[in-house]
Every structure is written in C-alpha cells, then in structure tokens.
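Take a look at the letters that make up each chain.
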Amino acid sequence: MTTADAAELLGVSVRTAQLWVESGQLPSWKTPGGHRRIRRQAVMDLIDDPVQEPADLTAHAVILAGKGRGAEWQQVGLPGSGLLIDVAEDIAPFRAHLQAAPPTLIIIENVEDAERRKLTTSLSSDARFRQTLVITMSGKGAASPIPRGAKRAQIPMMTAVAATSASVVDYLKASLPDGEEVPGFGVPWNEKARLDAVKRSALVGSEADSRFDRLVRLAAYATQAPIAMFTLIMKDQQWFKSRVGFDGEDTSRDWAFCNETLVANELTVIEDLTRVETYKQNPTLNEPYGFRFYAGAPVRDPLGFALGSVCIIDTVPRTLNTEERDALIAIADAISNLIRLTVLDGAQSRDGRPPDIDLARLAG
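Quantities reported herein were computed from a predicted structural model and do not represent experimental measurements.

1. Topic: the packing of aromatic side chains
Under the defined criterion, the tally for this structure stands at seven aromatic pairs. Taking the centre distance of 5.7 Å and the plane angle of 85 degrees together, the rings of Phe-240 and Phe-246 count as edge-to-face. Of the two residues, Phe-240 and Phe-246, neither departs from the other in class, the shared state being buried. Summarising the aromatic geometry, the rings of Tyr-289 and Phe-291 are spaced 5.6 Å apart at their centres and angled 50 degrees between planes, so their arrangement reads as tilted. We classify Tyr-289 as partly exposed; its relative accessible area is 30%.

Pasting the structure below:
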C-alpha cells in the first residue's frame, strides 16, 4: 500500500502516516524504484491493536497553554530540557499535535477547567501516552509539585510564563535518577534519550558522505568562514562527520563549542570566545588553533533529538548578519532532512523486506 492508501484506511492525514513510518510505528520498505510501500497487514494490525510495542517518544513537549499565554510559551520554551515545543491554547489543535507520535512531555495549564480536566483523564487512560510525562497545572491548590504517578504530576501555575517554565525545568531536573555522574559540561535534561538517538542514527564512525560534505562546504561559503563542520555529540566526545578547514576527526566533549548549541537547542552564536569565562582554559583558543568565533545550528534526527550541529569557526571575533544566520539554520535543516531519509532507508533495509511512501512526498 502507498502511504496515502494507509492514511485513508487508518483515518489519519498522509503526514501523520508518514511520521508513523519514520518513528517505526508503521513498518514499511522501499521498492527498487525508490518508492515506499506499507504492508496491508501492518495497517490492519495497527487498527486492531493501536498500541502494540511502545513507539519511540519524540523530543517534543506539547503544551496546552492558558488563554493568552501561548505566544509567551513559544518565546520562553523550556530552556535546558532538550525539547522542542508545540503550543496550542485550544483543545482541537492540541490534539492535532499528538496525532503523529507520543511526545516526551505534555503540559496542560488551567486543569481546573472542566474540559481540560476531562482531556487529562482521557490522556491518562490512553496507552499511547503511558511513556509520556504528563504535567498538569492549576492556579489553585498546592504550592509545590505533587506526583500523581510514575509519569504524572501536578505543578503550580505561575502568573508569569517564564516562572512557570522554570518550575517545570526544575521539576524535570529533580526527576533525574540520583547517582548519575555529573560531567564537567552542560547537558540537556533529555541527554539519555538524546544519546540513544545518536547511537540509533549509526552516523558516528560512518564513511564519508559527499551529500553532507557539500552542505558543510556551503556553510563555509555562505558565511565566509575558514572552518565549517557537521558534528555529532556523544557522551564524552565530539566527532566530525564532515569538515572543511580543520584536520582533526574528533575532540573531547569538554572542548566542544557545539555542546552549547546542544544545550541551547537553537542557533548559538559566540562572537568572541575569549570573552566567555567558560572557554578561558579551552586549548583551542591557543595556538595552533587560535579560535575566536563560533556559530552552530542543531542537526536533528526524525524524532527531533539534537544529534550535534552544523557549525562555523573563525580565528577572529566577528558577527553574523541575518542572511548568514538564516543560511546556517537552513543548512542544518537540510542535513537533518538527509539524516531523516538515511535513517529511514537504513531501518527498512535492515528489515530485509521487499521494498513504499513516495520520497518526493516524504521530503515535503
């Protein structure tokens, strides 16, 4: 079956069916002609037993914001969580965000509202979200977080969204297992899942790929930078999948400026590295490197996890104009799309099935 046929049978959009294919919830294969097909039985199995094995969670937080608070949530986000956010103020668009694959985190504000309380109850009884942390918020009630189960909690809703976001991030950090080794550099809250995503990508140590090389050269050209890289960040190491203007293949993670991009989860620009206390002892600021400027944009896997970044480095302090910033983000997105196709192709070839979803559609 084509993805469109499967979507019609399942009663979902084609885009949702595509995302189910990418997350592995709907197995598929690739034909010799480059098209993707889905076995009818896999679709019927999903209809008969929609939960089956738990699908991988996406690196997203889906937020049902209080009225008039959505725009501020979009701006504030969840700093340091490693999560992308999708925000809605009404239940219908909120549910649309949940269609494709279960997110890592769901936040529901104003849960005292009857409709929102009913929604929370339905989510708690939906097996698709049994791995998802669901945080409800109320302007009334306890002044401190209350656990409601292994993956359920209620947190006070603050007047300011920034304060509410900070309380969520504090709760997430407090929920991490005790006894974990604390590295000498920052890590996002979802680091364990992110490292699993890096491993799952099978990119670390892989052979050179001209598609990535061309995009890295484009990053150097578009920003007039002497050094450009596509990096992958592992537990203790940074490995360069593609690079221009630099001979090394890897560095320790505590040398990696790209770790800042990883934690920020967005385009990160450091105009003069010597002015940042964190980097005063970084050996790459000394000869023979003499690095002074860094800018990097996250590269993501199909589920939204930041695997590393596309970055540029210069030996003089400088700035990036709007066009250069947009170019770096666009190139990181292009590499993310290549990874998306590469990961999907690799997963299907490992299945050993005959070769489905049209690649032209997938790219859209």
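Read on, since the account is not over.
2. Quick word on helix H9 (residues 210-223)
Since the α-helix packs 3.6 residues into each turn, any two residues three or four apart lie on the same face. In this model H9 runs 20 Å from its N-terminal to its C-terminal C-alpha over 14 residues, within 8% of the 20 Å that 1.5 Å per residue would give. Taken together, the buried positions of H9 are occupied by Phe-212, Leu-215, Val-216, Ala-219, Ala-220 and Thr-223. Down the axis, H9 shows its buried residues gathered within 145 degrees of arc, on one side only. Positive backbone phi, approximately 55 degrees, marks Gln-224, located one or two places after H9.

3. Description of the pattern of salt bridges
Applying the stated criterion across every chain yields a total of eleven salt bridges. Across the salt bridge formed by Asp-314 and Arg-318, the nearest N and O atoms sit 3.3 Å from each other. A relative accessible area of 9% means that Asp-314 is categorised as buried. One network of salt bridges, in which partners are shared, links Glu-191, Arg-194 and Arg-253.

4. Details of the nonpolar core
Membership of the largest hydrophobic core comes to 32 residues, with the highest contact counts inside it found for Phe-230, Val-310, Ile-312, Leu-328, Ile-335 and Ile-339. Elements with a contribution of two residues or more to this core: helix H8 (191-201), H9, strand S9 (227-233), strand S13 (293-300), strand S14 (306-314) and helix H11 (322-351). Ranked by residue count, the leading element in this core is H11, at six residues. Counting residues in hydrophobic clusters, the runner-up holds 22 residues, among them Ile-63, Ala-65, Leu-105 and Leu-133.

5. Thoughts on the pairing of S13
For S13, the buried fraction is high: eight of the eight residues fall into the buried class. The pairing of strand S12 (residues 268-270) with S13 spans three bridges and is classified as antiparallel. Considered in S13, the bridge of Val-269 is made with Ala-295. When S13 meets S14, the two strands line up antiparallel, connected through eight bridges. Bridge pairing in S14 places Gly-296 opposite Cys-311. Linkage of S13 to S14, two consecutive antiparallel strands, is achieved through a turn of five residues, within which Gly-304 is found at a positive phi near 95 degrees.

6. Focus on the sheet that holds strand S10 (residues 237-244)
Within the open sheet, the six strands sit side by side as S11-S10-S9-S14-S13-S12. Their pairing is antiparallel. Unpaired on one side and paired on the other, strand S11 (250-252) and S12 mark the two borders of the sheet. With direction set aside, neighbouring strand axes in the sheet form an average angle of 25 degrees. Two strands pair when backbone bridges link them, and S9 and S10 are joined in this way by six bridges, in the antiparallel orientation. Bridging across to S10, Phe-230 finds its partner in Ser-242. Of the strands in this sheet, S9 and S14 are in contact with H8, which crosses S14 at around 85 degrees. Where H9 meets the sheet, its contacts fall on S9, S10 and S14, and the angle it forms with S10 comes to roughly 75 degrees.

7. As for the state of the cysteines
The final tally for this structure, using the stated rule, is zero disulfides. The closest cysteine sulfur to the non-disulfide-bonded Cys-258 is located on Cys-311, 3.7 Å from its own sulfur. Here Cys-311 falls in the buried class, since its relative accessible area comes to 1%.

8. Thoughts on the confidence of the model for the chain
Here the chain averages 85 in pLDDT, and 83% of its residues register 70 or above. Considering each helix and strand of the chain separately, the mean pLDDT is smallest for helix H12 (residues 359-363), with a value of 33, and largest for S13, with 98. Taken together, the stretch residues 348-364 has pLDDT below 50 and engages in 46 contacts with residues farther than four places along the chain or on a different chain.

9. Considering unusual backbone geometry
Glu-287 connects to Pro-288 through a cis peptide bond whose omega is 10 degrees. Checked against the element boundaries, Pro-288 lands in the loop between S12 and S13. Unlike most non-glycine residues, Asn-110 shows phi in positive territory, near 50 degrees. Look at Ala-202: it is not a glycine, yet its phi comes out positive at around 60 degrees. Among the structural elements, Ala-202 can be located in the loop between H8 and H9.

10. Examining the side chain of Ser-309
One can find Ser-309 in strand S14. Look past the residues within four positions of Ser-309 in its chain and what remains in contact with it is Met-229, Phe-230, Thr-231, Cys-258, Thr-261, Tyr-294, Gly-296, Ala-297, Pro-298 and Val-299.

11. Things to note about H8
Looking only at H8, the buried set comprises Glu-191, Arg-194, Ala-197, Val-198 and Ser-201. Take H8 and look down its axis: the buried residues cluster within an arc of 115 degrees, on one side only. Opposite the buried face of H8, at more than 90 degrees from it, the exposed residues are Lys-192 and Lys-199. The first or second residue beyond H8 is Ala-202, which carries a positive phi of 60 degrees.

What counts, and at which threshold
Counting restarts for each chain, with residues numbered from 1 along the sequence as it is written. Whole-chain, interface and lining totals are the exception, using all residues; otherwise, since this is a predicted model, local features are given only for residues with pLDDT of at least 70 and side-chain atom pairs are given and counted only at 80 or more. Water and hydrogen atoms play no part in the side-chain values, which are based on all heavy atoms of the structure. Any two rings among Phe, Tyr and Trp, with Trp reduced to its six-membered ring, count as a pair given centres within 6.5 Å; such a pair is stacked if its planes are under 30 degrees apart, edge-to-face if over 60, and tilted if neither. Per-residue accessibility, obtained with a 1.4 Å probe over protein chains only, is compared with the maximum for each type, and a residue is labelled buried under 20%, exposed over 50%, and partly exposed between these values. A run of H or I in DSSP becomes a helix once it reaches four residues, and a run of E becomes a strand once it reaches two; helices and strands are each numbered from the N terminus. Multiplying 1.5 Å by the helix residue count minus one yields the expected span of that helix. Picture the helix axis, draw a direction to every C-beta atom, and the arc is the one those directions span. Salt bridges, as used here, are contacts in which a Lys or Arg side-chain nitrogen is within 4 Å of a carboxyl oxygen on Asp or Glu. For this analysis, a nonpolar core means a set of buried residues of the types Ala, Val, Leu, Ile, Met, Phe, Trp, Tyr and Cys, connected via side-chain atoms within 4.5 Å. DSSP bridges decide pairing: two strands pair if at least two such bridges lie between them. A fitted line through C-alpha atoms represents every axis, and for helices the fit uses only the stretch in contact; the resulting angles, taken between N-to-C directions, go from 0 to 180 degrees. In this description, contact between two residues means that some pair of their heavy atoms is separated by no more than 4.5 Å. Any pair of cysteine sulfurs within 2.5 Å is marked as a disulfide. For every residue, the predictor assigns a confidence score, pLDDT, that lies between 0 and 100.

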